[in-house]
Amino acid sequence: KAGVTQTPRYLIKTRGQQVTLSCSPISGHRSVSWYQQTPGQGLQFLFEYFSETQRNKGNFPGRFSGRQFSNSRSEMNVSTLELGDSALYLCASSLDRPGNYGYTFGSGTRLTVV
Amino acid sequence: DQQVKQNSPSLSVQEGRISILNCDYTNSMFDYFLWYKKYPAEGPTFLISISSIKDKNEDGRFTVFLNKSAKHLSLHIVPSQPGDSAVYFCAASALNQFYFGTGTSLTVIP
């Protein structure tokens, strides 16, 4: 079965712009989580959506937002981009609670802000 | 506030020897601990996990040990193979939110 698909794979944006990233989870998975990976910081949790509702949220500013559609696909939006937003953004899906099997991750979207 | 820490950014091991990757955590409420492996240009892939009620879980060449009193988790890979060269992240979950460490880059030398 198809894995978690993230588009686009690479993005270059200018400071002040906004960006939307897309994630299609594994078929049947209803939970989608987003992470930011930067060197030295590991994976920082952004938010989790389940059945179109935000179920958990990390400690990121309000410029970072997301949503989930009825088919479980999710989008993440970052407004007023800053240089420090340059990172690999990873989407992960699971059936419901990740539990002891964790997530399945996508390959990520590499965002560069110039 | 880093609740999960991997203090060794990198580790090099000879092929066939044991690789030991370490992870420390601060939150005693964590109920599951997991290890992920990440190759460049790919997302992390789930490797092995352990519940907080256990102290050891084994899957083939991979064994995870949990020492709750020390709040310490380790991953043992025996024998190490060149294909194991990757970045390894430990993660812990509480209230269904996952916290990841900063990763350890393992290089297995042929």
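Read on for a plain summary of the structure. Computed from a predicted model, the values in this text were never measured in an experiment.

**As for the interface of chain B and chain A**
At the interface, 19 residues of chain B touch 23 residues of chain A. Interface area, chain B with chain A, both sides summed: about 1,700 Å², of which 56% is carbon and sulfur. The three residues of chain B that bury the most area against chain A are B:Asn96, B:Phe98 and B:Phe100, which together make up 31% of that side's buried surface. Put simply, chain B and chain A have zero salt bridges between them. Counting across the interface, chain B meets chain A through three residue pairs in polar contact (both at pLDDT 80 or more). When residues of the side of chain B that touches chain A are traced back to their parent elements, those giving at least two are β4 (32-38), β5 (45-51) and β10 (97-100) of chain B. Residue contributions to the side of chain B that touches chain A peak at four residues, all from β4(B). For the side of chain B that touches chain A, a count of residues per class yields 10 nonpolar, seven polar and two charged.

Parameters at a glance
- Residues numbered from 1 in each chain as written.
- Chains lettered and ligands numbered in written order.
- Predicted model: local features only at pLDDT ≥ 70, side-chain atom pairs only at ≥ 80, totals over all residues.
- Heavy atoms only, no water.
- Contact = heavy atoms within 4.5 Å.
- Buried area = accessible area lost by both parts, 1.4 Å probe.
- Salt bridge = Lys/Arg side-chain N within 4 Å of Asp/Glu carboxyl O.
- Polar contact = N/O pair within 3.5 Å; in protein donor to acceptor, adjacent residues only side chain to side chain.
- Helix = DSSP H or I, 4+ residues; strand = E, 2+ residues; numbered from the N terminus.
- Nonpolar A, V, L, I, M, F, W, Y, C, P; charged D, E, K, R; others polar.

From the geometry alone we can't say anything about function, so treat these as descriptive.
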